[in-house]
Amino acid sequence: MSQIAEQLNSVRQRIHKAAREAGRDPSSIQLLAVSKTQPQAQIQAALEAGQQAFGESYLQEALPKIQALTHRPGGDTVQWHFIGPIQSNKTAMIAGHFAWVHSIDSLKIAQRLNKQRPTYLPPLNICIQVNTSGEVTKSGVSPEALPELASAIQALPQLYLRGLMTIPAPTHNPEAQRQPFRLLCQLETHLCQQGYALDTLSMGMSQDLEAAVAEGATIVRVGTDIFGARRP
Ligand SMILES: *Cc1c(COP(=O)(O)O)cnc(C)c1O
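Residues numbered from 1 in each chain as written. Predicted model: local features only at pLDDT ≥ 70, side-chain atom pairs only at ≥ 80, totals over all residues. Heavy atoms only, no water.

1. Digging into the overall build of the chain
Next, step 1: In terms of regular secondary structure, the chain is built from nine helices and eight strands.
Next, step 2: Radius of gyration (C-alpha) of the chain: 17 Å, near the 17 Å computed for a compact globule of 232 residues.
Next, step 3: With respect to the three principal axes, the spread of C-alpha positions in the chain is 50 × 40 × 35 Å.
Next, step 4: The buried share among the 232 residues of the chain stands at 50%.
Next, step 5: For the chain, the proportion of contacts with a sequence separation of at least 24, taken over those separated by at least 6, is 61%.
Next, step 6: For the chain, the exposed area adds up to about 11,200 Å²; of that, 52% sits on carbon and sulfur atoms.
Next, step 7: Of the charged side chains in the chain, 20 are positive and 18 negative, and the gap between their average positions amounts to 6 Å. (Helix = DSSP H or I, 4+ residues; strand = E, 2+ residues; numbered from the N terminus. Rg over C-alpha atoms; globule rule 2.2 N^0.38 Å. Buried < 20%, exposed > 50% of the residue type's maximum accessible area, 1.4 Å probe, protein only. Contact = heavy atoms within 4.5 Å. Areas by Shrake-Rupley, 256 points an atom, 1.4 Å probe, with all protein chains shown as cover. Lys, Arg positive; Asp, Glu negative; His and termini not counted. Charge placed at Lys NZ, Arg CZ, Asp CG, Glu CD.)

Written out as structure tokens, the structure is:
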């Protein structure tokens, strides 16, 4: 078995165990393999080990990988998720090449993606990124501004609002790890009570996936523990 296959297995086992401990069905949690900065061969190895969903943060490096892998055996069913910060001049290519975008925190970017999503593709799956750590991080909409952004995105026909995403300030304290995830889950529950049909909580990375699963994650985004440390 390749090293990547082994590491994928061990991450899947961690998800499985955390789900069982939380009384959740492990199959309700999707593993997104974060392949940013990783060469195509690493992604190919993960693909051969059965991994189907990959997350990328930088459009320029993602596009050649998407093009190359789409034409490899099994590559046509790969699902690409954009998880990084989005500049306006990148929205057309993101709208054309990805199935999901997790990092929406502005209406302007959402409107551009909506306009540029090719109509021959299904609506682009969207998560709104929420800043659950207050001053510590800058990306993500504040919990206060979330309802207005959700309502505006819901009205865009080429976007399909699926749920919320967060990247908390890192901490090794398991109890502290859970707090921002719990907040994100509460925000989503609140939106659902207002009538939104949301089914996705994108939260948890290599360091804190157990905490995220305990608080209801449906997509965990794992890079380092699958592919090894990234080169800077
Ligand atoms: C890089 C990245 C990850 C993966 O982080 P690891 O700690 O390597 O697992 C997850 N989510 C986002 C948004 C990222 O940018």
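2. Let's talk about the pattern of salt bridges
Next, step 1: Overall, the coordinates contain nine salt bridges when judged by the stated rule.
Next, step 2: Two residues, Arg162 and Asp199, come together in a salt bridge whose shortest N-O distance is 3.0 Å. You can see Arg162 sitting in strand β6 (residues 159-165) and its partner Asp199 sitting in the loop between α7 (174-193) and β7 (200-202), a full 37 residues away along the chain.
Next, step 3: What makes Arg162 buried here is its relative accessible area of 17%. (Salt bridge = Lys/Arg side-chain N within 4 Å of Asp/Glu carboxyl O.)

3. Thoughts on the site of the ligand
Next, step 1: Inspection of the region around the ligand gives 13 residues, with Lys36, Ser206, Gly223, Thr224 and Arg230 positioned closest.
Next, step 2: Lys36 is positioned with one of its side-chain polar atoms (N or O) 2.6 Å from an oxygen atom of the ligand.
Next, step 3: At 2.8 Å from an oxygen atom of the ligand is found a main-chain nitrogen or oxygen belonging to Gly223.
Next, step 4: In isolation the ligand has 380 Å² of accessible area, and contact with the protein removes 89% of it.
Next, step 5: Taken together, the residues of the shell around the ligand break down into six nonpolar, four polar and three charged. (Near = heavy atom within 4 Å. Polar contact = N/O pair within 3.5 Å; in protein donor to acceptor, adjacent residues only side chain to side chain. Nonpolar A, V, L, I, M, F, W, Y, C, P; charged D, E, K, R; others polar.)

4. Brief notes about the pairing of strand β4 (residues 100-104)
Next, step 1: With five of its five residues buried, β4 lies for the most part within the structure.
Next, step 2: Inspection of the sheet shows strand β3 (residues 79-82) paired to β4 by two bridges, in the parallel sense. Across the sheet, residue His81 finds its bridge partner in β4, namely Trp100.
Next, step 3: Once the chain exits β3 it traverses helix α4 (residues 91-97) before rejoining the sheet at β4, and the crossover so formed is right-handed. (Pairing = 2+ DSSP bridges. Right-handed = clockwise from strand over helix to strand, strands pointing away.)

5. Remarks on the pairing of strand β1 (residues 30-34)
Next, step 1: Burial analysis of β1 places four of its five residues in the buried class, which makes it a mostly covered element.
Next, step 2: In the sheet, β1 pairs with strand β8 (residues 219-222) via four bridges, with the strands oriented parallel. Of the residues in β8, the one forming a bridge with Ala33 is Val222.
Next, step 3: The pairing of β1 with strand β2 (residues 53-56) spans two bridges and is parallel. Bridging across to β2, Ala33 finds its partner in Phe54.
Next, step 4: Crossover β1 to β2 through helix α2 (residues 40-48) is right-handed.

6. Focus on helix α3 (residues 59-70)
Next, step 1: With twelve residues, α3 should cover 16 Å at 1.5 Å per step; its first-to-last C-alpha distance of 16 Å lies within 8% of that length.
Next, step 2: Every buried residue of α3 is accounted for by Leu59, Ala62, Leu63, Lys65, Ile66 and Leu69.
Next, step 3: In this structure, the buried residues of α3 make contact with α2, β2, β3 and α4. (Expected span 1.5 Å × (residues − 1).)

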